[in-house]
Amino acid sequence: MESNIQFEQLKPELYNTYIDIGTKAYNQHYTHLWPNGNTKTYIENSFTKAVLLQEEKNQDTILFVIKLDSAYVGLLKITLHKKLQEFSRADALYLDKIYILNEYSGKGIGAESLRFVEKIAKNNAKKVIFLESMQKGMALPFYQKHSFKIAAITQVPFNSVIEDEKPMYLLQKNL
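Structural notes, computed from the coordinates.

### Considerations on the packing of aromatic side chains
Move 1: Taken as a whole and assessed by the stated rule, the structure comprises 14 aromatic pairs.
Move 2: Taken together, a centroid distance of 3.9 Å and an interplanar angle of 10° make the contact between Tyr-26 and Tyr-42 stacked. Here Tyr-26 is found in helix H1 (residues 15-30), whereas its partner Tyr-42 is found in helix H2 (residues 40-46), with 16 residues between them in sequence. Note on accessibility: Tyr-26 and Tyr-42 belong to one class, buried.
Move 3: Relative to Phe-158, the ring of Trp-34 lies with its centre 5.8 Å away and its plane at 50°, an arrangement referred to as tilted. Here Trp-34, found in the loop between H1 and H2, pairs with Phe-158, found in the loop between strand E6 (149-155) and strand E7 (167-174); they are 124 residues apart in sequence, far enough to count as distant.
Move 4: For Phe-158, a relative accessible area of 17% translates into the label buried.
Move 5: Aromatic rings pair up to connect Tyr-18, Tyr-26, Tyr-30, Trp-34, Tyr-42, Phe-47, Tyr-99 and Phe-158 into one cluster.
Move 6: Over the face of the ring belonging to Tyr-94 we find Lys-82, whose NZ or CZ atom lies 4.3 Å from the ring centre.

This is the structure in structure tokens:
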């Protein structure tokens, strides 16, 4: 299955696809974080054309849509150079977003995505990859299975998120 997975760097003609996938995948996985399941704050800060235009101006941000065969099934957002903890911008890559539509989970897309990100990190001489994961849920064991270790405790940065759902971990994988 993995050989059918492709990563296409975002271009303007794929903005709507990126926005649709991001919105749908986020709503499939994270409505429980928000009062009444209202994810509007997150969507408006992540999946609009205005946000994409700003992110594309940032030389450190790389956006991808994930394709399985002919279907777009997920997305990635990478911050190529980011200072985190004791690691300099030159040494750390931050995987800001990895979202895969529910109906495509369990097909190796997440694992292949992590391999893809690791390849980018190694090609850029990075020493570490960071990402954040909710403390509750299925993502944390997935990342730990792929050699990510808990590096710090963080939280969702939006005030309107339900307090008990805010806890996150900063995870790192040394390369």
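Back to the text.
### Notes on the layout of surface pockets
Move 1: Empty space within the largest pocket amounts to approximately 1,200 Å³.
Move 2: Looking at the lining of the largest pocket, the elements with two or more residues in it are H1, H2, helix H3 (49-57), strand E4 (92-100), helix H4 (109-123), strand E5 (128-134) and helix H5 (139-145).
Move 3: The residue makeup of the lining of the largest pocket, split by class, is 24 nonpolar, twelve polar and eight charged.

### Let's talk about the sheet that holds E5
Move 1: Within the open sheet, the seven strands sit side by side as E1-E2-E3-E4-E5-E7-E6. Their pairing is mixed. The sheet is open, and its two edges are formed by strand E1 (5-9) and E6, each paired on a single side. Strand-to-strand twist across the sheet, computed as the mean angle between neighbouring axes with direction ignored, equals 30°.
Move 2: Pairing of E1 with strand E2 (residues 61-68) involves five bridges; the strand directions are antiparallel. Residue pairing for E2: Gln-6 is matched across the bridge by Lys-67.
Move 3: Contacting E1, E2, strand E3 (71-79), E4, E5 and E7, H4 runs over the sheet at an angle of about 155° to E4.

### Focus on the nonpolar core
Move 1: Formed by 27 residues in total, the largest nonpolar core has its most connected members in Phe-64, Ile-66, Leu-76, Ile-78, Leu-93 and Leu-95.
Move 2: When contributions to this core are tallied by element, the ones reaching two or more residues are E1, E2, E3, E4, H4, E5, H5 and E7.
Move 3: It is H4 that provides the largest number of residues to this core, a total of six residues.
Move 4: Discounting chain neighbours no more than four positions away, the residues touching Leu-95 are Leu-76, Lys-77, Ile-78, Leu-114, Val-117, Phe-130 and Leu-131.
Move 5: One finds Leu-10, Leu-52, Leu-75 and Val-161 within the second-largest nonpolar core, a separate group that totals 24 residues.

Calculation rules
Residues numbered from 1 in each chain as written. Predicted model: local features only at pLDDT ≥ 70, side-chain atom pairs only at ≥ 80, totals over all residues. Heavy atoms only, no water. Phe/Tyr/Trp six-rings, centres within 6.5 Å; stacked < 30°, edge-to-face > 60°. Helix = DSSP H or I, 4+ residues; strand = E, 2+ residues; numbered from the N terminus. Buried < 20%, exposed > 50% of the residue type's maximum accessible area, 1.4 Å probe, protein only. Lys NZ or Arg CZ within 6 Å of the ring centre and 35° of its normal. 1 Å grid on protein atoms, 1.4 Å probe; cavity = no way out; pocket = protein on both sides within 12 Å on 5 of 7 lines; lining within 4 Å. Points joined across faces, edges and corners; volume = space filled by probe spheres on them. Nonpolar A, V, L, I, M, F, W, Y, C, P; charged D, E, K, R; others polar. Pairing = 2+ DSSP bridges. Axes fitted to C-alpha atoms, helices over the stretch in contact; angles between N-to-C directions. Contact = heavy atoms within 4.5 Å. Core = buried A, V, L, I, M, F, W, Y, C linked by side-chain atoms within 4.5 Å.

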